[in-house]
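Read off the chains here:
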Amino acid sequence: MTAPTAPAASPAVTGEMPRIRMSKSRRNAELGLLIFAMALITAYAATVEATMLDAVTPDFWIPAALVSMVFLGLHIVIRFLAPYADPALVPAVALINGLGVGFLRRIDMARADAADRANFPIFAGDGGRQLAWTLLAAIMAAGLLIIVRDHRIVSRYAYTLGLVGIVLVMIPAVLPSRYSEINGAKLWILIGGFSIQPGEFAKLALVSFFAYYLVRKREVLSLASRRFLGIDFPRGRDLGPVVAVWLLSLLVLVFEKDLGTALLYFGMFVVILYVATERVSWLIIGLLLFFGGATLAYSLGASVGGPFANFYDRVQIWQDPFADPYDAGFQPVQSLLGLGTGGLFGAGPGGGQPTKVPDVEDDFIFAGLGEEIGLFGLSAFLVLYLLIVERGLRAGIAVRDSFGKLLAGGLAFTLGLQVFVIVGGVSGLIPLTGQTTPFLSAGGSSLMANWLIIAMLLRISDAAGRPMTGSASAQGDGPAGPPVKLHGAPTEVIRS
Amino acid sequence: MNGPLRRAGVVVMILFGLLFANLNWVQGYKADEYRNSDFNARVQVAEYERARGVIEVGGRALAESKLTTGELKYLRTYPFKSQFAHVLGYKPVNLAATGIEKAENEFLAGTSDRLFGDRFRDMFTGEETAGGNVVLSLSLRAQDAAIKGLAGNDVDSTRGAAVAINPKTGAVQAFASMPSFDPNPLVSHDTNAAEAAYNQLEKAKDGPLKNRVVGEVLPPGSTFKVIDAAAALESGITPQTNIPAGPTYTAPTSGTPIRNAAASICPESQVTLAEALRESCNTGFAQLAVELGAAKIKEKARAFGFEDESLTVGNLDGSGLPVAASRTGTIQNPDGGDDPAALAQSGIGQNNVRMTPLQGAMIAATVANGGERMRPYLVQQLLGPDRRTISTASPKKINNPISATVAGQLQDMMVSVVEGGTGRNARINGYTVGGKTGTAQDGNDPNDHGWFIGFVLKDGEPISAVCVLLERGAAGGSAEAAKIGGDIMEAVIADGGGN
């Protein structure tokens, strides 16, 4: 490798002018927003009880208070370990997570006998478990902030993480169906009543690996090219990695029977590739490959069947869910009917019948929420997600090193893509696939993995917002000066 | 790298924009469709959360909701069982609703815009808004007389219909279809049982689910002669004008000869128009129709309401039970030329002429009301959950098919039918009753349909107009129909009707 890797990690190569940074810590803003979010969660719990029980029980506030304590704890950790992190991330995620816990508790109450509703135990049911998972997820997020004091450390373990990621993705595919399949999608490891979705954690590992790999390869990927139709296309041999990931995605699609995850991995990779190389051609190649692969899988499903049949069926159901409203199309139909019943304003928290939608606590939670909070409420949720994603991308833009940029950009975009895939599926925009709704769906894997992503984004935004000290302060004068040494350190380890 | 990162941000915004647009489509544009979808069980449960309003007559509930302990909170019950089935219809859990239950569903369910104020207020009081109440224009006694009369007919007819309306307003006073059915099993919360009950009724002999007052059309026979007479009077003929009659008549071109019901009826070559109607002279009216021409007969029938495909009977401000269009048929050769044979047959209510009993009652009502045809209605009042009046029917005139003069002449002619002609059975002491009987052949069945349309006046003021139909009865069906018609009108009078 002729190009020195060290400058690749330096801001000088990206051509970015050093920004004027706000060195002010904005933790108080975070605290204020967090308190506001917790007030909303508490109000939601009260409204649910008022609607469902015709009275608010004296201890309605306990789950909301527990959630609040967990997030306030996380806030304190951030105060010490990432004081310059983005102040909007945690409150936005906490609001989604807290309302998710409240909604799951509301589902539990609806499923319980009318007599037991008023004193439904706090730690029982999906809502109770989600509360525990939230605590665990927050601890893991705090743990990541404690262990990873500088996000660049992650690049030292990039190859390990890449291997771990691929293994995590492949485990459900190679496991027998009874240890890995739920609702036709092989995305799980099912052991003795526990279910883990390894793919959720794989995202973080794979993005780290991609980011590292592409920081190293970006020059050759972006420079060596052939021009065709006015667009620079890469050389054939440089296509290797993208083809490999494409095949991996197709394998996921075929053997794990899941379009959403395949789309997620592939979209994630293509976007990181594009950000790294600044080449539109990668986006075009990526889109062509994905739609080509999907079309191929669809036509194979129609003609050959076998492992492709599931994908073909899902597309058929998507095209006309009402063709088979009681069997194959039951879930999407009930989902659409729930959303439609909610209309603009919704039936009010606790006022709808979200349990009419199967799996409302999991894949279809957005439809269940939509019935009760309406288009306005769901739009607010979309805005919250958008805020999280754009803040993540902003951390990528603001951070100085290339690895951080790719990591933050990749993680934030993946999060956004996942929301798109599941919400689009639930609302009939795209074929339905088994994805969790980040921070909402019941389930520990998804919650923990996504909180780890948020922790990583916090870490990167902290690095971006941290006032320059010591040698870094010299950066303003000479762009290509001292940072070389600073940023070169981690990559040297791997080169050896 | 920042350029691509920003563009990735734009991509995410576009993706979220697509989600937002799609949610608008699903929750905004398609919301009503999804909300009211047959596959949507939510609205159903929600609908049964609040007490559906009462359908009532004279303070008696014909349909009410009773509290249960099941998942669906309220059970619809019909205390009068089969007696009002064809008016009320039914509101089942899974099957399609019918009748007033369907037409006034939004109001009864409490979701109507007219009840917005109540729902708004209940948002603060926290009470579950009950539905609105519907008061029908029916007379309990008249309905009773109609059902008993039909059921107790002495010509062994098992199918039929009777309807009475107030000629001045169009308010329906009685509305009965035979055979009837008990709607209670259909609204059972056990949807399998409800479906089984429905399937059984669907297959039952004589089709009890059929609404024979407004849903079925049959040849009207001689009752159609009132239309001929109206057309004739409008074109300058008077009740005393002699018209050609005779024992038989064969139309100029072809066709089987038309005879009278008995040799004693108008054997003379000419009778007056009044005489022809009183005796129900077939040969006279067949020739009259041919002389007037198909266009005039059809035009007059249309003015009386034939061919109207959009009429509903229910709420004057909204929807109601759909009324099947009565028809005269084309009365033409296939090439579009005149067909005197068909016209002669049509003139005596045969050939392709078809009529609903409600249409028959509207003809009699229009004559009784001085030529003003009122739009029939069933819903007298809508009351809020707190029983305050939300709306009261304000009678609507449809048109004047005949002038007041012609109406007066027709009244006199029809009164003579009841006083000295074929409709004697309908007489009521102390009141002026007019009418016209009809015996309609239908296909090759030897049993004819017996019809009676008529009205009752007190001091020239109309009180009620009826139509009674007995399908496929033994001989004398129209005389029996006249008797039932008289009984129904008497019941209306006894109930204080017309005041």
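Parameters at a glance
- Within any chain, residue numbers begin from 1 and follow the written order of that chain's sequence.
- Labels are handed out in written order, letters beginning with A for the chains and numbers beginning with 1 for the ligands.
- Thresholds applied to this predicted model are a pLDDT of at least 70 for local features of residues and 80 or more for the giving and counting of side-chain atom pairs; totals over whole chains, interfaces and linings are not thresholded and use all residues.
- Hydrogen atoms and water are omitted, and side-chain values are computed over all heavy atoms in the structure.
- Each helix is a run of DSSP H or I of at least 4 residues and each strand a run of E of at least 2, with the numbering of both proceeding from the N terminus.
- Residue exposure (1.4 Å probe, protein chains only): buried if accessible area is under 20% of the type maximum, exposed if over 50%, otherwise partly exposed.
- Residue contacts follow a heavy-atom distance rule, with two residues in contact if any of their heavy atoms lie within 4.5 Å.
- Note that domain bounds follow an automatic or database assignment of domains.
- Note: buried area is the sum, over both parts, of the accessible area (probe 1.4 Å) each one loses when the two are combined.
- One side-chain nitrogen of Lys or Arg within 4 Å of one carboxyl oxygen of Asp or Glu is enough to make a salt bridge.
- N or O atoms closer than or at 3.5 Å make up a polar contact, with two conditions inside protein: a donor-capable atom paired with an acceptor-capable one, and, for residues adjacent in sequence, both atoms drawn from side chains.
- Residue polarity is assigned by list, with Asp, Glu, Lys and Arg as charged and Ala, Val, Leu, Ile, Met, Phe, Trp, Tyr, Cys and Pro as nonpolar; anything else, Gly included, falls into the polar class.
- A pair of strands is treated as paired once DSSP finds two or more bridges between them.
- Side-chain atoms within 4.5 Å are what join buried Ala, Val, Leu, Ile, Met, Phe, Trp, Tyr and Cys residues into a set we call a nonpolar core.

Novice: Would you take a moment to explain the environment of H75 of chain A for this structure?
Specialist: Residue and element names in this part refer to chain A. Position of H75 relative to the elements: it lies in helix 4 (residues 62-81). Judged by its relative accessible area of 3%, H75 is buried. The spatial distance from the C-alpha of H75 to the C-alpha of A142 is 9.2 Å, given a sequence separation of 67 residues. When near neighbours in sequence (up to four residues on either side) are disregarded, H75 contacts R27, E30, L31 and L34.

Novice: How should the environment of A173 of chain A be read in this particular structure?
Specialist: All names here are of chain A. With respect to the helices, strands and loops of the structure, A173 is situated in helix 7 (residues 158-174). The exposure class assigned to A173 is buried, which follows from its relative accessible area of 15%. Spatially, the C-alpha atoms of A173 and W188 are 8.8 Å apart, while their sequence positions differ by 15 residues. Not counting residues within four places of it along the chain, the set of residues in contact with A173 comprises K186, F255 and E256.

Novice: Help me out: how do you make sense of the environment of S391 of chain B in this one?
Specialist: Residues and elements named next belong to chain B. When you line up the elements, S391 lands in strand 15 (residues 389-392). Once the C-alpha coordinates of S391 and V134 are considered, the two residues, 257 residues apart in sequence, prove to be 9.9 Å apart. If we skip the residues at most four places from it in the chain, S391 touches R114, D317, Q380, Q381 and L382.

Novice: I tried to follow unusual backbone geometry on my own but got confused; where do I start?
Specialist: The step from M178 of chain B to P179 of chain B runs through a cis peptide bond, and the omega angle for that step is -5°. Here P179 of chain B lies in the loop between strand 6 (172-178) and helix 9 (191-203). If you check the backbone angles, E278 of chain A has positive phi at about 60° while not being a glycine. You can see E278 of chain A is positioned in the loop between helix 10 (259-277) and helix 11 (280-303). The phi dihedral of S280 of chain B is positive, around 60°, even though this residue is not glycine.

Novice: Looking at this structure, how should I read the domain arrangement of chain B?
Specialist: Accessible area lost during the coming together of the parts is what is often quoted as the interface size. Residue and element names in this part refer to chain B. Here chain B is partitioned into domain 1 (43-136 + 182-200) and domain 2 (146-178 + 214-494). Put simply, the middle of domain 1 and the middle of domain 2, counted by C-alpha atoms, are 35 Å apart. If you look at the interface, domain 1 gives 21 residues, while domain 2 gives 22 residues. Interface area, domain 1 with domain 2, both sides summed: about 1,800 Å², of which 57% is carbon and sulfur. Looking at the side of domain 1 facing domain 2, the largest losses of area belong to H86, R114 and V135, adding up to 29% of the total buried there. If you look at where domain 1 meets domain 2, you find 1 salt bridge. Notably, a salt bridge pairs E56 with R387, separated by 2.7 Å at the nearest N-O pair. Across the contact surface, domain 1 and domain 2 share 7 residue pairs in polar contact (both at pLDDT 80 or more). At the level of secondary structure, the elements contributing two or more residues to the side of domain 1 that touches domain 2 comprise helix 4 (85-88), helix 5 (99-103), helix 7 (116-125) and strand 4 (133-136). In terms of residue count, strand 4 provides more of the side of domain 1 that touches domain 2 than any other element does, 4 residues in total. The residue inventory of the side of domain 1 that touches domain 2, partitioned by class, reads 9 nonpolar, 7 polar and 5 charged.

Novice: How do you make sense of the pairing of strand 5 (residues 159-165) of chain B when you look at a structure like this?
Specialist: Every other side chain in a regular strand lies on the same face of the sheet, so the side chains alternate between the two faces. Residues and elements named next belong to chain B. For strand 5, a buried count of 6 out of 7 residues is recorded, marking the element as mostly surrounded by other parts of the structure. Where strand 5 and strand 19 (residues 461-471) come together, 7 bridges link them in antiparallel fashion. From the neighbouring strand, I165 faces strand 19, where its bridge partner is A465. Pairing between strand 5 and strand 6: 6 bridges, direction antiparallel. If you follow A162 over to strand 6, its bridge partner there is A176. Linking strand 5 back to strand 6 in an antiparallel pair, the connection comprises 6 residues, with G170 at a positive phi of about 95°.

Novice: Teacher, can you tell me more about the interface of chain A and chain B here?
Specialist: On the side of chain B, 34 residues touch chain A, which itself brings 54 residues to the contact. For the interface between chain A and chain B, the tally reads 0 salt bridges. The interface formed by chain A and chain B holds 11 residue pairs in polar contact (both at pLDDT 80 or more) in total. Mapped by element, the contributors of at least two residues to the side of chain A that touches chain B are helix 10, helix 13 (330-342), helix 14 (365-398) and helix 15 (402-426) of chain A.

Novice: Explanation requested: the nonpolar core in the structure shown.
Specialist: Across soluble globular proteins, you tend to see nonpolar side chains buried next to one another. Formed by 134 residues in total, the largest nonpolar core has its most connected members in L214 and W451 of chain A. Of the residues forming this core, the biggest block, 16 residues, is contributed by helix 14 of chain A. With near-sequence residues (within four places) excluded, W451 of chain A lies in contact with F71, L74, V93, A94, N97, A137, A141 and F439 of chain A. Listed in part, the 101 residues of the second largest apolar core include A294, M355, L358 and I363 of chain B.

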